[in-house]
Amino acid sequence: MNEKRERADMRTGTAQEGSWSSWPSREALTRLGVPRGRIVLDYSMITALSVWVLVGCYTSGGFDGWYAPLPPLGYGLCLAAALGYHHTTLDHRAAASLGLLGVIALGGLGAYTAGAPTSATVMWIVVCIMAMERLPLPYGLATVAVLVPGFVEADETGFLGAGLTTGTVLLAGYSLRLDAQARGAGFQLLAQERLAREAEAASAALAERARIAREIHDVLAHSLSAQMVHLEVARLQIEAGADRSEILKLVTSARAMAREGLAETRHALSALRGDMVPVEEYLRELAREDRAEVDVRGERRNLPAEASQAVRRVAQEALTNVRKHAPGARTRIRFAYEADEISLEICDSGPPPTAEGGGQGQGHGHGLGSSGSGYGLLGMRERAELLGGSLDAGPDGPGFAVRLRVPA
């Protein structure tokens with residue numbers, strides 16, 4: 001509840017301070033951020049004024065005999081009113097705040113009636129300064145105006161002394177008000193910065209979750225869809241009474257795909273944690289199975305996890321599609337560290353000649369984009385664009401080429 005209120009006060013604080021008839025912000029009305037030395041000085045001044053007021057009351061001669069306990073009792077009442085005034089102004093309750101200031105002002109009137117004009121003047125000055133510092137300015141000015149006749153009556157110099165007293169309390173109260181507002185504005189800025197950082201952290205956490213979800217989705221969609229195809233074919237063959245060896249082959253293939261999917265999931269999580277092997281080593285390991293050529297250029301440097309994963313996923317998908325649509329083709333992988341980006345190019349020579357007629361096997365002009373994995377060309381292009389890069393894929397002579405560029 002308090003946190004919500006502080007945030008609401010923070011949002012309205014600037015508007016409050018910008019209007020001369022509005023309350024000071026909550027930060028300005030609290031002691032938040034006041035140096036310890038300033039607090040000690042304030043309490044010392046309050047103690048000195050209290051002693052001055054009480055001594056002035058007793059030296060006036062108006063509190064003798066049965067009236068001797070009245071000054072400390074009156075001072076205690078005024079002190080309680082001042083403490084209550086602090087809380088009512090925090091809650092922006094104008095009527096209650098003015099009522100409590102009236103209690104203190106009446107205490108000063110009692111001192112003046114008993115023959116202690118100096119004590120009365122000190123108490124009225126305190127009331128004016130408190131009103132100018134913590135109330136909306138119209139209320140503060142009205143409070144000072146109400147007490148000006150008291151200054152005129154209590155000061156022996158008449159209007160001259162009352163004018164000096166009035167100007168002093170206006171200047172002192174407004175200076176304290178400006179000082180408190182400046183301090184409150186500083187804490188408002190700190191609170192806004194804290195909220196902005198919390199929002200950035202929440203946004204970063206959501207982005208990280210989305211990134212992890214995308215990585216896991218890409219890996220699982222790539223492996224599980226192929227497994228589903230193999231298992232569905234195996235089910236149909238079982239229903240049709242097909243040969244046991246053919247069914248076993250399909251089940252074994254699905255099992256291998258599941259194992260590869262789990263391995264790729266671990267690789268993806270390791271890369272997200274920054275524990276993955278360098279990209280070029282991964283490419284060499286990936287190419288070893290297909291006997292592809294790997295050419296790495298540029299000086300190795302640490303890559304962001306997103307860029308590293310993009311290269312790995314694109315290379316994996318491209319080589320998978322070469323195996324599907326151009327089995328036996330010669331494949332070349334080129335990876336380069338450039339000034340402000342990295343590039344990957346995977347080209348294949350196309351299907352080799354068939355044994356029957358010496359012609360080309362089934363081409364794969366459309367194979368990369370329609371591999372049926374749920375990932376394919378569209379998924380690779382989306383991954384590149386999310387990172388501000390680009391991906392081009394298309395026929396390259398008799399074969400096919402995939403070219404990726406990612407800022408890094």
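Residues numbered from 1 in each chain as written. Predicted model: local features only at pLDDT ≥ 70, side-chain atom pairs only at ≥ 80, totals over all residues. Heavy atoms only, no water.

K.L.:
Now, about the overall build of the protein chain: what can you tell me, with residues and values included?
P.N.:
What the protein chain contains, in helices and strands, is 12 helices and five strands. Taking all 408 residues of the protein chain together, the buried fraction comes to 38%. Sequence-distant contacts in the protein chain: of pairs separated by 6 or more residues, those separated by 24 or more amount to 66%. Summed over all atoms, the accessible surface of the protein chain reaches about 22700 Å², with 61% contributed by carbon and sulfur. (Helix = DSSP H or I, 4+ residues; strand = E, 2+ residues; numbered from the N terminus. Buried < 20%, exposed > 50% of the residue type's maximum accessible area, 1.4 Å probe, protein only. Contact = heavy atoms within 4.5 Å. Areas by Shrake-Rupley, 256 points an atom, 1.4 Å probe, with all protein chains shown as cover.)

K.L.:
Please set out the packing of aromatic side chains residue by residue, giving values where relevant.
P.N.:
In the structure shown here, the tally under the stated rule is two aromatic pairs. Aromatic pair Y112 and W124: ring centres 6.3 Å apart, planes at 40 degrees, arrangement tilted. Residue Y112 is located in helix α5 (residues 94-113), and its partner W124 is located in helix α6 (residues 117-134); the two are separated by 12 residues in the primary sequence. By relative accessible area, Y112 is classed as partly exposed at 26%. Taking 5.0 Å as the distance between ring centres and 80 degrees as the angle between the ring planes, the aromatic pair formed by F335 and Y337 counts as edge-to-face. For the pair F335 and Y337, one class covers both residues: buried. Just above the ring of Y282 sits the side chain of R312; from NZ or CZ to the centre is 5.1 Å. (Phe/Tyr/Trp six-rings, centres within 6.5 Å; stacked < 30°, edge-to-face > 60°. Lys NZ or Arg CZ within 6 Å of the ring centre and 35° of its normal.)

K.L.:
Before we move on, can you summarise the environment of W23 with the specific residues and values?
P.N.:
As for its position among the elements, W23 is in the loop between α1 (2-18) and α2 (26-29). Considered as a pair, W23 and R134 are 111 residues apart in the sequence and their alpha carbons are 7.5 Å apart.

K.L.:
Any details on the confidence of the model for the protein chain? Residues and values, ideally.
P.N.:
Averaged over all residues, the pLDDT of the protein chain is 78; the fraction at 70 or higher stands at 81%. Mean pLDDT across the elements of the protein chain ranges from a minimum in α1, with 46, to a maximum in strand β2 (residues 331-337), with 92. Here residues 1-17 is modelled with pLDDT under 50, and outside its nearest four sequence neighbours on either side it reaches 26 contacts, counting other chains as well. Every residue in residues 355-374 scores below 50 in pLDDT, and together they form 44 contacts with partners more than four places removed in sequence or on other chains. (pLDDT = per-residue confidence, 0-100.)

K.L.:
If you had to explain a nonpolar patch on the surface to someone new, which residues and values would you point to?
P.N.:
A contiguous nonpolar surface patch, about 250 Å² in accessible area, is contributed by L49, W52 and V126. Counting through the fold element by element, L49 comes out in helix α3 (residues 36-59). Take L49: its relative accessible area is 30%, and that puts it in the partly exposed class. (Patch = residues over 30% accessible without salt bridge, like charges linked within 9 Å, V, L, I, M, F, W, Y side chains within 5 Å. Salt bridge = Lys/Arg side-chain N within 4 Å of Asp/Glu carboxyl O.)

K.L.:
Tell me about the sheet that holds strand β5 (residues 399-407), and please be specific about residues and values.
P.N.:
Strand order across the open sheet formed by five strands is β1-β2-β3-β5-β4, with mixed pairing between neighbours. Two strands in the sheet have a free side with no partner beyond their single neighbour: β1 (293-297) and β4 (390-396). Taking the axes of each pair of neighbouring strands and ignoring which way they run, one obtains an average angle of 10 degrees across the sheet. Two elements, β1 and β2, share five bridges in a ladder whose sense is parallel. Among the inter-strand pairings, R297 is bridged to a residue of β2, identified as A336. In the packing of helix α10 (residues 279-290) onto the sheet, the strands contacted are β1, β2 and β3 (341-348), and the crossing angle to β2 comes to about 175 degrees. (Pairing = 2+ DSSP bridges. Axes fitted to C-alpha atoms, helices over the stretch in contact; angles between N-to-C directions.)

K.L.:
So what's going on with the packing of α10 against helix α11 (residues 305-325)? Which residues, and what values?
P.N.:
The geometry of α10 relative to α11 is characterised by a closest axis approach of 10 Å and an angle of 10 degrees between their N-to-C directions. Between α10 and α11, the crossing angle belongs to the class labelled roughly parallel. Together, V279, Y282, L283, L286 and D290 of α10 and S308, V311, R312, R313, A315, Q316, L319 and R323 of α11 make up the contact between the two elements. Class assignment for the residues of the contact of α10 with α11 results in seven nonpolar, two polar and four charged. (Parallel < 35°, antiparallel > 145°, perpendicular 65-115°, else oblique. Nonpolar A, V, L, I, M, F, W, Y, C, P; charged D, E, K, R; others polar.)

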